[in-house]
Every structure is written in C-alpha cells, then in structure tokens.
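Survey of secondary and tertiary structure
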There are 4 protein chains.
Amino acid sequence: MIRFNSDYMEGCHPLILKRLSETNFEKRVGYGYDDLCQSAREKICAACDAPDAKVFFLVGGTQTNAFVIDAVLDACDGVLCVDSGHISGPEAGAVECWGHKVLTIPAQDGKITAQGIKKYCNDFYADRYHYSHCHMVAPGMVYISHPTEIGTIYTKSELTAIKRVCEEFNLALFIDGARLGYGIVAEGSDLTLPDIARLCDVFYIGGTKVGAMFGEAVVVTNHNLIKKPIPLIKRHGALLAKGWLLGMQFDTLFTDNLYLNISKNAVDCAMRMRREFNNRGYRCYVDSPTNQQFVILPNDVLNYIKPNVDYTFWEHYDECNTVVRLVTSWATTQEQIDELISYLPR
Amino acid sequence: MIRFNSDYMEGCHPLILKRLSETNFEKRVGYGYDDLCQSAREKICAACDAPDAKVFFLVGGTQTNAFVIDAVLDACDGVLCVDSGHISGPEAGAVECWGHKVLTIPAQDGKITAQGIKKYCNDFYADRYHYSHCHMVAPGMVYISHPTEIGTIYTKSELTAIKRVCEEFNLALFIDGARLGYGIVAEGSDLTLPDIARLCDVFYIGGTKVGAMFGEAVVVTNHNLIKKPIPLIKRHGALLAKGWLLGMQFDTLFTDNLYLNISKNAVDCAMRMRREFNNRGYRCYVDSPTNQQFVILPNDVLNYIKPNVDYTFWEHYDECNTVVRLVTSWATTQEQIDELISYLPR
Amino acid sequence: MIRFNSDYMEGCHPLILKRLSETNFEKRVGYGYDDLCQSAREKICAACDAPDAKVFFLVGGTQTNAFVIDAVLDACDGVLCVDSGHISGPEAGAVECWGHKVLTIPAQDGKITAQGIKKYCNDFYADRYHYSHCHMVAPGMVYISHPTEIGTIYTKSELTAIKRVCEEFNLALFIDGARLGYGIVAEGSDLTLPDIARLCDVFYIGGTKVGAMFGEAVVVTNHNLIKKPIPLIKRHGALLAKGWLLGMQFDTLFTDNLYLNISKNAVDCAMRMRREFNNRGYRCYVDSPTNQQFVILPNDVLNYIKPNVDYTFWEHYDECNTVVRLVTSWATTQEQIDELISYLPR
Amino acid sequence: MIRFNSDYMEGCHPLILKRLSETNFEKRVGYGYDDLCQSAREKICAACDAPDAKVFFLVGGTQTNAFVIDAVLDACDGVLCVDSGHISGPEAGAVECWGHKVLTIPAQDGKITAQGIKKYCNDFYADRYHYSHCHMVAPGMVYISHPTEIGTIYTKSELTAIKRVCEEFNLALFIDGARLGYGIVAEGSDLTLPDIARLCDVFYIGGTKVGAMFGEAVVVTNHNLIKKPIPLIKRHGALLAKGWLLGMQFDTLFTDNLYLNISKNAVDCAMRMRREFNNRGYRCYVDSPTNQQFVILPNDVLNYIKPNVDYTFWEHYDECNTVVRLVTSWATTQEQIDELISYLPR
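To start, this report covers the structure provided alongside it. Since this is a predicted model, take the numbers as computed values, not measurements.

Copies of the same chain, two in number, are related to each other by a rotation about an axis and a translation along it. Rotating chain C by 180 degrees and moving it 0.0 Å along the rotation axis overlays it on chain B with an RMSD of 0.0 Å. The two molecules are tied by a two-fold rotation axis, judged by turn and shift. Here 98% of the interface residues in chain C have copies in chain B that are interface residues too; the copies meet face to matching face.

What follows is the structure in structure tokens.
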C-alpha cells in the first residue's frame, strides 16, 4: 500500500533528526527565549528581507490561524476568505470560538480576488440603512492561503492588487502559508518570500507539512499589528514549553536554503505524477502547479487501484468518474511515484 | 412626514401604559420571581396549549437569539439558517461571539426547506474523510424566523417536514418569533400558537415589535433542553432587574387575546397598503402576507414621495426601479395608510 | 408587609411615566439615533462638565459592566477590583465569559485603595521569572463602585490617589455608578459629577436604581478608549431597539436636577432610618452614608419583625445577632420609614 | 553554569529519540487515528487498570487544562482550585477565555482540602438570597495538581475525602498531572496510577516534564463526561496533525515501566540534593518529597553561587534569606548534583 493522502504523514527531515539528537541533553530555557529560536528568527528575517519583522513559533496550523486572527482583529470584526478557505471549513470553528465571524465570498480557482473583496466592502459600506453597518460584522482582515486549498497559487500581480484593496478598506492581509514552500517553488510562481513579506501584514511559514515534525513560524511585518503577543499565544494554549524544539527545526530549515530545496522535491514529484496521469489519459480537475494534485479517475480505475493506493476522496465528478486528491511532500521519492503509477491499469 | 420604516417605532399598547401607571409604586421582587411574571407565564402556556413549557422573559431580539442558541447548542456545534437569516446578518456577530458558527444554506422565498436541511446534513455526515466531520462544525440546531425576514410565512406542512428532518439528524428547532403575531394572523396562515409550540423545541413570542415597549418571551417546550437557564441569562447580561416590567407587559398582551388582535390590525393595514399600491400599478417584490411589504417603485416615484414618506431602502431592482420596505405595526391606523397613499403621484 | 429589600422594587418617577404617555405614539428611529437620546446626551455632558464625553445608553448593570470591561481591556488583560466587587460576585461570570479575568484585592471599608493597587502592580511587574508576567493576566483596568457594595463612598482625595496610580501603571479607571446619585448626595461626599467625569476614564450613571424603569448611561471621558462602540454594544445584545425609551428617561432625569433631587430623598430616608435604629440601641455593621443600611439586629428582634418587614439577610454577626440590609430608594416615603419603625419592639 | 530552573529544559528520553528515527519515514494517518496512538492508549489503560478509559493526547499543559475544563464544565460553571493553583496564575487567563471563572480557596501545604471544598459549597448553596446562587458562578469542578505547584503530594486518604465531597456536591474531579510521575514515585506516596484513575473523573499524565519532548495524555475515566471530544480538541487548536508523534512517545514511556522508572531518577536526585543542602545547614521552605525543592539560602550564599548555578527565584524569605526553587528531572545525573553542591561555599 502506497500512501498519497496528505503531506503530513512523515516525521521530519534527517538534518532535523540529527540536530535533535545533538542538542537533546543541552539545557535550554523555555517559551522561545533561547538561542536556537533567536537564531531561527534571524535567519527567517534574512530570508524574508524583512530585518525588523517579528517572528513567533507556534505548533500547528489551526492554532496559528486562530491566534493570528484573534490577535489582529478588533473584537467585533470578521475575516474575509473564500468559501473554500481552510478557516471556513475543517477547523471546527476555531476562529468563531474566539468571537470572529468568517465572512465568505466566492472563490475563483480557489483564490480570492481583489474585485471580490472590493465588491464585498463597497456593498458593506453602502448599506441600506444609514446605521446598518453598525449592526453587521465589519470585514477587518483578508485571509488567503498560498498555495490555496486546491493547490493553486497567487501571482505577484494578483497579490499586489489584493494588497491595494486591503489598504483602501483598512483590512489587514494575512497569508496562511501552511504549504508556503510548495507555493514559492511552484512552476510559474513569481512570488518570493521577500515579496510575500512585503505584500502582506502577517503570514506564516508552514513547517508541519514542509520538513519539520511540527511548527509554524508567524512573521509579522506590520509592526504594532499585534499588541502583547506572548500572553495572547499563551492564553491560546499555543506557547510550547520547550520552545527551542521549534527554533531548532526552523533554524535547520532556514540554513542553506533547506526549506525551499525540499519544497522543490515535492513539486517535482507532483509534476511528474501529473504528467504520468496525463500521459495515460487522465485529466486533472484543477490546474495545480503545487504538491496537491486533483485527478479525475473513472470509478473502475479507482476500484482497481484502491487495494494498493491510499488517496483522499475529493468529490464525485459525475456518475462514472471521481476526483481524488494525491499529495506529495518533501519526503516523497521518485520510487514512490513509480510505484504509484505501476498500480494503474495498463 | 409619515414613517413606515419599521415596526418598533412606537411605544406600547395603551393597556400596557395604563397597567404601568397602576403598578408603578407597588414594590416587587426582582429578576422575574414576581406575581406578574408568574401570571404571564401561565397565560402564555395556556395560549400555547403547552402547560409544562418553561417561559423566560428577555429584553430584545438579538439578545434572545444569542442566549437561546448558546444555551441549547453543544459548545462546538453550529446553527443552520438561511443566508438571509437575521442571526447571519444584522446582529453584529452576537452568535459567533458565544462561539457558535452560523451555517447558512440558500433560502426559498426567505424560508429554509426540509430538503435543504437534509441535503446539508447528508453531505456533512457523508464527508470525504472518515474523520473529517470531526474537523467541521456540526449542525446542532435549525433557526427559522416566522414570519421570515422578508415577511413570508411557513405552512404547517412545511414546518412539520422541517421538524421531521430535525428529528432525523438530532437538531433542535428554534423559531425566532420577533414578529410572531404578524405571522400567526396572516392571511393563509395555518399555523397556530399551539402548532408552533408543538412543532419546535424552543421559540419566542416577540413583544418589542408587537405591542410591548420591549420584551421577548422565550417558550421552551422541549424540557431539559436548557440546563441552568437563570445563570445563563444573567451572564448574557439579559436578566432584567425589574423583571416584572416584562411580566406585566406579557400578562397584558395575553389577556383577552390582545396579542393576536393587535397583530391583526398590522396585517390588515399592510394588506390594504398592498392593494392600494397594486391598484396603482406597483408590484411587490415578495408576496408577503404579513406586516412587511416590499414594493417595487420607479425611481422618479420614489423621489416624488421622499419628502413625505420615510421607508427603508431594500435594494436596487433595476436601473429604473427600487425595492423599498414599508412596515406597519400594531399601532398603524387607516388614516396613516390614507396619508401614505395620498403622497403617491396621481 | 413593608419592603426594604432593594432599590429596584418600584417602577419609575412619575415625570417619566408622564413623558412615556405623551410620546407613546410618536414614531422614532431606533437604536439611539433619535432626538430624545441626543437631548439626554447633551444634558448629561453638561451636568458632567464634560462637553466632549461620549454617552451610550444600556439597559442594565451587569450588561453595562460586561460591555465596558470588554470594550476597554486588551484581550488578554484583567480587571482589578476588591474581593467584594459586584463583578466578582453576583454577575454569574458575565465578565469572564468575555475572556477577562477578575483580579481581586482586599477591600478597606468596601473600597479599593491606591496603595492596594500599587502593591498589586509592583508585585506583578517585579515577578520572579524574567518572562513570567507574560504568563500572568496583566491588570489593565481598575473597577470601583461608587457608592460601594456596602454603601460607603470614595472621597475626592481617595479617588485622586487612585487615578494617579492608574496613570502610573497605565490602567483605565472605571466607575460602576449603578447607585451613583446616592453616592453624590451622601452626607460627607465631596465628589461631584464633574469630579467623577474628570477623575475616571469611563463611568456610568445608574438609572435602574435611581428613578428610571431601567437604563444605565455610560459616559466615556477618555476619548479613543472604546473603538467601534455601537457594534460592540449590539453584539453584547445590549442595544435596545427602542433606544429612545432610554433617552427619554435620562432626558427627564437630567432636567431640573431631578436625578440628584430624588437621590437626596433616598439618602434622607436612609439617614432617618439609621437614626431611628440607633436611637433604639441597634448599631450598624457598616458606617454607610448612602441608601443601603446594614443593621445588626438581635435574632429575636428579627423574628419579631419578620412577618411585617421584608429585608435582605446579609450575614450572621454572632450567635445571637444578624446583619440585615435595609435599602431605601428615590420612591421611599417618610410614612414607610414610620411604618418600618412601628414594627420594632417597644 | 549548571541549570536547575525547571524540568522542561532537556529534549526527551533516548528511547524516544531512537524510536523517532526508526519511524521517521513511515507514513501514518494524522490526528491520532494511527496504530502508535492506539497502542499507547492501550498501555495507558492497562497501567491505570482502567480498561474502558478514554485517552486523548494533547501537546502542552496550559492547553490541556483549558481543554479539559472547557469540555467538562457546563457553560456558566466555574472551577475550584487553591489560590496557588497553576490555572489561577501563570496560564495567562487560558481558562477564563473559554468563559469559566477560576474560584480560589486557600491552600494547605499547596493542597486543596476536602473541608475547604465543603465549606465553599455549603456557603454557596446556603446563600443569603433565595435566588442569589443563580447570580453567582457555581462550582462545577475541582482542579488539583499532583504533585502540587510546590511539590507536595496528596495521600490516598486525602484524595478519597476530596472525591467524597465532590460526589456530594456534584463536582467533577480533575487532576493536573503535568508532573504526575514525580508524585507517584515520591517517598511516602501511597497513590498509584490505578488509585488516581479510580478516584478522579479525568486526569492527565504529563509527558513534557517527564521524558517526552512534549505531550500530555488525558485519561477520562468517567465516561460521558466529555461529549464530542475530537472537535472540541480541534477547536482549541490542540489537535496535533502528526498525532502519532504523541502516540509514539507515550507508547515508549509506557513500555517496561519507563515512565515511572525515569520519574524515580528525578526524585532520587532531588532527595540527595535536599540532603546535601540540609547537611550544610540549609533548610527547605516546603517539605517536598518530589522533584521540586525550595531551599532557603542566605543572600550572600546566593550571590556566591549565582555565577555558576541557574535557579528560579521563588520569594524573599526575610531580609537576609531567599527561597529558591531547584528542580531535577528524568535527565538529571548524580554528577550534576555533585557539581551543584561543589559550588556551595565550604
């Protein structure tokens, strides 16, 4: 059985394992006040060309989304995202339970658009009653995932347009980068880490899905955006006691460009996987240049490979075909792609 | 200037004013433990043919919605409503700030449908990952407004079908009755107070918009639905110190059928208003049998009447026409309708 | 049976009742955007000698405390109050449920002291770990009641000292004035409304216990303290639809000094009540110059008067004596005091 | 410099490191639905002699406390703990921000007592107003730490008495076992894991401080105590994507009694440390039989050792002496104790 269900199925990059062993019995102070966290922060700021950015390390994605949104928004404001946005779906209401409404607008290729935001805000502020927008949840932030939940990526021009609308309507721009590496190295991507750091107010660099055991590095480039971050992280239950475990992992990932190098492997494997499917006549449901591929398979093909391949059911395409998600990661090998393809009917 | 903006523009029915004067210097204990609240509860139970229902008096609608939903739902569950549902719009996130996601589905004539609920739940429980619905906000309740936000009403057969789906998926059924009287006495309505009490788990009888200065009477017919109601109401900031003010108003409204009688006046005025518009060639945007009328007016007509008539802008119909909302209440007089019509161009 | 349980047992001042009748059928816009609210705001600002203060009308005390504390505090901060503070006790956790810890310090005569606040803050910021105060709830506000929960009052010099410490530690100062009138007109009080407005950042003028049917007027003198007040009030479920009912009541109370005049009556009655008890040899438990009196009564006296007098049990004084609370209000008459005294054993 | 600041300064036990390497490239499903979690659950149930207990793995202590308290308590109820309880102090309000008040009572040797709980509850339910306890936060749970925040331990008889009072007042009993191993193997302890499992409703076995990199195993022995645990954990941001990392660690710790064996090492080192201090004439501030020692040191001694020893300042004992906390862990060696002692003045 070969598994392509998701990108968080393996442990961590061997260099992290090695470092873990080396530092295991060194005693360090807790909560991120250690040398490894400090070093990782500096390397991340350098990689982002954002020397004054503030960097915080949290453990997982839902936690990080809930923290950032809660920390940035005024109490009564909401967060705009596409209807397929991760915070709007499989996060069990982790944003709402801090009091913030998730305001959804339709997606285009999984992406929010500058026009979509503009229309929402114009409608909101041109509301029918003169006092009515005082009764509605005001948009205070735009949340986007890069790459998106369906593997698509924003271009520099799209993100720049979004940024401009955010400025117009006084919205913070937050990028969920749970798979950030896979977006940056994607074919056709023209967004670099420094671009991202420059164009949004806060984003995070996903570790859990990109080489780390766990961990997300929140980068706040808009200073003063988050008051009192440490007690807020603590009260979210998100302040890891052994903070240096996070620092050590990100320090390793941001040494010698490891983060982007291993991201490239995932994308290369995904692109080859896509070609192999295409060559055999199977089309993709989404044109994704990143590590998540959504393949339309005839149901009998699906039944044929099921004993050997673990995938994620995405949705019914029509009566005879199904969309499945197949995901590569930093750890995927060409041999695993070979094996996957070998299970397809000749 | 004649005003038809809303149904909460006047004070209260004269019988309530009279009773207020009579009881003003009588000393009563606070928080609803008084004789007037007790009497009102008994009369409401009788009117609902629900002798064992529990009745609580709160002050306003948003407060009541937030309380009931918070009190009934399990912590991580959400509430299903139509996308035009009041809790999803102009309540400033008052449901979300107690931690509950509002899950919206499309409306049909402003109403939720049994099929819509069934589809949502089937999709939810047949989710793509075997563990995925643990990551999603589960529907725990259905919220409907009767009449709806656009004045339409549920039939007994519709509500019965909704109730059946709710039972199938273990959803509490909650009816927002901010304008309940206007729905019950509407032309074509076949739902009585006892029907409503029997078919839902909890509902409220709106006073603010139907004859009271303020006040909403929550009727809980599904016993054990709400544990520890009083401290919950208190912590919502919704326990009126002089609770007897609420008891006295509802006791008056539920004496000699006053509540439904004055509701009838609002509907009669609205029906006449509609006829007068129709007779002059103006169509309605919604076929509303209750006190809210949505009339499509040419923009030049609108400009013509604007100096004399206060209405609520609803939406642009097309380039030349606008939908406006005109609302009657228990206090509207035939003379006011005459005056309104007199302002229309001949 | 004569009742002295509390000061919210009657309806409202006759001038309010009269005005209610006069304005009952006048149509007004909702949510506080009406002329009566505007007029009341102006009169309150004038009475406070605070022309630029912002004034909001809410319905009840617990609601107002929860709103103000939530609106003013940063998300992770707490509110300092005495252990007998109302928000720490009989408000059912209405402050905590908005996420804020109530941090208590010992009371002196029911009052917080400048030294107590200073000690708490010094201890807090000189905490044992260098990072530890990031793990603790920081004090962000001081809450005091004037008069206090046991009827005592702050002097101008005490309040000035508290204000100074608040400034030193960057704490907002909030005064719960549910019984404010009774404190201002108390014998020995040297704090006027303008003093209070000048010395705190936000306070409220209680209507429920001082002449109104219901209503509390929040006065924010520290501009920029509360961002986006209206949606915050709305989401607290605290925005009365018929806001003019609040405006009309406060407009009446702040016409011709009615608020303080009727407060004086309550205090005069309380002082006479105290003298009558003292003359008969009964001492007070607290030296309260306001409308709440705490009398130590032998248990046999208590049993003797119980059939005729309704009071609040406060606490057991010793095996043979009990402390009871007897409360006068704006509506108490000398005849009622006479009657009360007549029930005492000769 | 030798460090005895805390017990979360090292990584993890070498057997965990080894296992981490071995399993690193095995692909596993996420969120705790894997074989390692399953195996760990079974071993924990066996060790607790609680075959039907439900076991959940979370990441850290504050997170676990917030989750358990939120999951167990009714919305408006509070949690009783000693004033020195961890949830009442350095958790940044993580309990309050889920809406629950922390109700404190005085500690005896850092411990809550059955009598203290009983007195609190009796006072609460015998409240002065007949309706008053509806306005107060009701105690719904007792929180204790074993060992306590100052290293003391409960005896079986004490815990049994507490359990009995909890049953009497319908309170859930929750044990914070962040350092549970160190309590169980302490000299004089008569509480075993099965005792603890039997005597409380829910507890957790701390991994972060006892051999794991991170992780806390929540054991729910009172079935039906927590409805819908997975979405609740998810919405707390506490559901680790790579759940098997937690399962693997606890599976290792509960193989061949590793958890208690390494706990014993910490206690042995602490006992020797204490003896060495005592032999040199330094007394302890608390009689702690566990891995946290609180030594009273003359200030000049403290200054003398400061360049070489890292400790935690606890409090000023008097003008000339200071209480410091010195903490051993599963990783402490006799050589480290030797070194610590060697820095003391002869």
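This part is about helix 5 (residues 156-168) of chain B. Residue and element names in this part refer to chain B. The terminal C-alpha atoms of helix 5, which comprises 13 residues, lie 18 Å apart, in line with the 18 Å expected from a rise of 1.5 Å per residue. Among all positions in helix 5, only Leu-159, Ile-162, Lys-163, Val-165 and Cys-166 are buried. Down the axis of helix 5, the buried side of the element spans an arc of 165 degrees, and every buried residue falls inside it. In helix 5, the exposed positions that point more than 90 degrees away from the buried face belong to Ser-157, Arg-164 and Glu-167. Buried residues belonging to helix 5 abut helix 4 (114-125), strand 5 (139-145), strand 6 (172-176) and helix 7 (193-199). Phi for Asn-170, located one or two positions after helix 5, is positive at around 60 degrees.

The subject of this paragraph is the environment of Asn261(C). All names here are of chain C. Tracing the backbone through its elements, the reader meets Asn-261 in helix 10 (residues 258-279). When its relative accessible area of 44% is taken as the criterion, Asn-261 is described as partly exposed. In this structure, the C-alpha to C-alpha distance between Asn-261 and Gly-181, residues 80 residues apart in sequence, is 8.8 Å.

Time to look at the sheet that holds strand 9 (residues 292-298) of chain D. Residue and element names in this part refer to chain D. Spatially, 3 strands are ordered 9-12-11 in an open sheet, and the strand pairing comes out antiparallel. For this open sheet the edge positions go to strand 9 and strand 11 (312-316), each flanked by a neighbour on one side alone. On average, each strand axis in the sheet is tilted by 30 degrees relative to the strand beside it, whichever way the strands run. Of the strand pairs in this sheet, strand 9 and strand 12 (residues 321-327) are connected by 7 bridges, and their pairing is antiparallel. Looking at the pairing, Gln-293 lines up with Leu-326 of strand 12. The strands that helix 10 (residues 258-279) touches are strand 9 and strand 12; relative to strand 9, the one it contacts most, it runs at about 15 degrees.

It is worth spelling out the interface of chain C and chain B at this point. With 46 residues of chain C in contact, the opposing surface of chain B contributes 45 residues. The contact between chain C and chain B buries some 4,000 Å² in all, and 62% of this surface belongs to carbon and sulfur atoms. For chain C, the biggest contributors to the area lost against chain B are Tyr8(C), Lys27(C) and Lys242(C); these three give 18% of the whole. Linking Lys27(C) and Glu10(B) is a salt bridge whose minimum nitrogen-to-oxygen distance equals 3.5 Å. Taken together, chain C and chain B are joined by 24 residue pairs in polar contact (both at pLDDT 80 or more). Put simply, the parts of the chain that give the side of chain C that touches chain B at least two residues each are helix 1 (14-23), helix 3 (61-72), helix 8 (229-235) and helix 9 (244-253) of chain C.

Across the boundary between the two partners, chain B contributes 23 residues, which contact 24 residues of chain A. Buried surface at the junction of chain B and chain A, summed over both partners, amounts to about 1,800 Å²; 55% is from carbon and sulfur atoms. On inspection of chain B and its partner chain A, the count reaches 2 salt bridges. In this structure, Lys101(B) engages Glu96(A) in a salt bridge whose closest nitrogen and oxygen atoms are separated by 2.5 Å.

Once chain B is rotated about the relating axis by 180 degrees and shifted along it by 0.0 Å, it coincides with chain A to within an RMSD of 0.0 Å. Taken as a fraction of all interface residues of chain B, those also at the interface in chain A reach 100%, which identifies the copy contact as same-surface.

Right, let's talk about the pattern of salt bridges for a bit. Side chains carrying opposite charge are able to pair once their charged atoms draw close together. Enumeration over the complete set of coordinates arrives at 96 salt bridges over all chains. Measuring nitrogen to oxygen at the nearest pair gives 2.7 Å for the salt bridge that ties Asp35(A) to Arg28(A). For Asp35(A), a relative accessible area of 45% translates into the label partly exposed. Ionic pairing is found between Lys119(C) and Asp123(C), a salt bridge with its closest N-O pair at 2.6 Å. On the criterion of helical spacing, the pair formed by Lys119(C) and Asp123(C) is a turn pair, its members being 4 residues apart in helix 4 (residues 114-125). Sharing partners across several salt bridges, the network here consists of Asp74(A), Asp77(A), Lys227(C) and Lys228(C).

This next bit is on the packing of aromatic side chains. One pass over the structure, following the stated rule, counts 48 aromatic pairs over all chains. On the numbers, 5.9 Å between centres and 55 degrees between planes, the contact of Trp330(B) with Phe25(C) is tilted. A residue pair is termed interchain when its members come from two chains, as with Trp330(B) in the loop between strand 12 (321-327) and helix 12 (334-342) and Phe25(C) in the loop between helix 1 and helix 2 (35-48). Of the residues examined, Trp330(B) reaches a relative accessible area of 6% and is grouped as buried. Among the residues examined, Phe25(C) registers a relative accessible area of 47% and is labelled partly exposed. With a centroid separation of 4.8 Å and 70 degrees between ring planes, the pair formed by Phe294(D) and Trp314(D) is classed as edge-to-face. Of this pair, Phe294(D) sits in strand 9 while Trp314(D) sits in strand 11; the two residues are 20 residues apart in sequence, bridging distant segments of the chain. Exposure class is identical for Phe294(D) and Trp314(D). Each is buried. By the ring-pair criterion, three or more aromatic residues cluster together here, those being Phe124(A), Tyr125(A) and Phe169(A).

All names here are of chain A. In this structure, Ile-144 sits in strand 5 (residues 139-145). Residues Ile-144 and Tyr-31, spaced 113 residues apart in sequence, show a C-alpha to C-alpha distance of 28 Å. In this structure, Ile-144 is in contact with Ile-112, Tyr-154, Leu-159, Phe-174, Ile-175 and Asp-176, ignoring residues within four places of it in sequence.

Residues and elements named next belong to chain C. One way to put it is that helix 4 packs onto helix 5 (residues 156-168) with a least axis distance of 8 Å and a crossing angle of 15 degrees. Here helix 4 is positioned roughly parallel relative to helix 5, judged by the angle of their axes. Crossing handedness for the pair helix 4 and helix 5: left-handed. Of helix 5, the residues touching helix 4 (which contributes Ala-114, Ile-117 and Lys-118) are Ala-161, Ile-162, Val-165 and Glu-168.

Bringing the packing of helix 1 (residues 14-23) of chain A against helix 9 (residues 244-253) of chain A into the picture now. All names here are of chain A. Where helix 1 meets helix 9, the closest approach of the two axes is 9 Å, and the angle between their N-to-C directions is 135 degrees. Relative to helix 9, helix 1 is oriented oblique. Judged by the sense of rotation from one axis to the other, the crossing of helix 1 with helix 9 is right-handed. Across the interface between the two elements, Leu-15, Ile-16, Arg-19 and Leu-20 of helix 1 pack against Leu-245, Met-248, Gln-249, Asp-251, Thr-252 and Leu-253 of helix 9. Tallied by class, the residues present in the contact of helix 1 with helix 9 amount to 6 nonpolar, 2 polar and 2 charged.

Moving on, we get to helix 1 (residues 14-23) of chain B. Burial in helix 1 of chain B covers these residues: Ile16(B), Leu17(B), Leu20(B) and Thr23(B). Buried residues along helix 1 of chain B cover an arc of 140 degrees about the axis, so they all sit on one side. Packed against the buried residues of helix 1 of chain B are helix 9 (244-253) of chain B together with helix 1 of chain C.

All names here are of chain A. Ordered by their spatial adjacency, 3 strands build an open sheet running 9-12-11, and the pairing between neighbours is antiparallel. Of all the strands in the sheet, the pair left with one neighbour each is strand 9 (292-298) and strand 11 (312-316). Pairwise comparison of adjacent strand axes, ignoring direction, gives a mean angle of 30 degrees for this sheet. Those strands touched by helix 10 (residues 258-279) are strand 9 and strand 12 (321-327), and its axis lies near 15 degrees from that of strand 9.

Thresholds, definitions, all that
Residues numbered from 1 in each chain as written. Chains lettered and ligands numbered in written order. Predicted model: local features only at pLDDT ≥ 70, side-chain atom pairs only at ≥ 80, totals over all residues. Heavy atoms only, no water. Least-squares fit on C-alpha atoms with pLDDT ≥ 70 in both. Contact = heavy atoms within 4.5 Å. Helix = DSSP H or I, 4+ residues; strand = E, 2+ residues; numbered from the N terminus. Expected span 1.5 Å × (residues − 1). Buried < 20%, exposed > 50% of the residue type's maximum accessible area, 1.4 Å probe, protein only. Arc of directions from axis to C-beta. Pairing = 2+ DSSP bridges. Axes fitted to C-alpha atoms, helices over the stretch in contact; angles between N-to-C directions. Buried area = accessible area lost by both parts, 1.4 Å probe. Salt bridge = Lys/Arg side-chain N within 4 Å of Asp/Glu carboxyl O. Polar contact = N/O pair within 3.5 Å; in protein donor to acceptor, adjacent residues only side chain to side chain. Phe/Tyr/Trp six-rings, centres within 6.5 Å; stacked < 30°, edge-to-face > 60°. Parallel < 35°, antiparallel > 145°, perpendicular 65-115°, else oblique. Left-handed = near helix turned anticlockwise from the far one by under 90°. Nonpolar A, V, L, I, M, F, W, Y, C, P; charged D, E, K, R; others polar.

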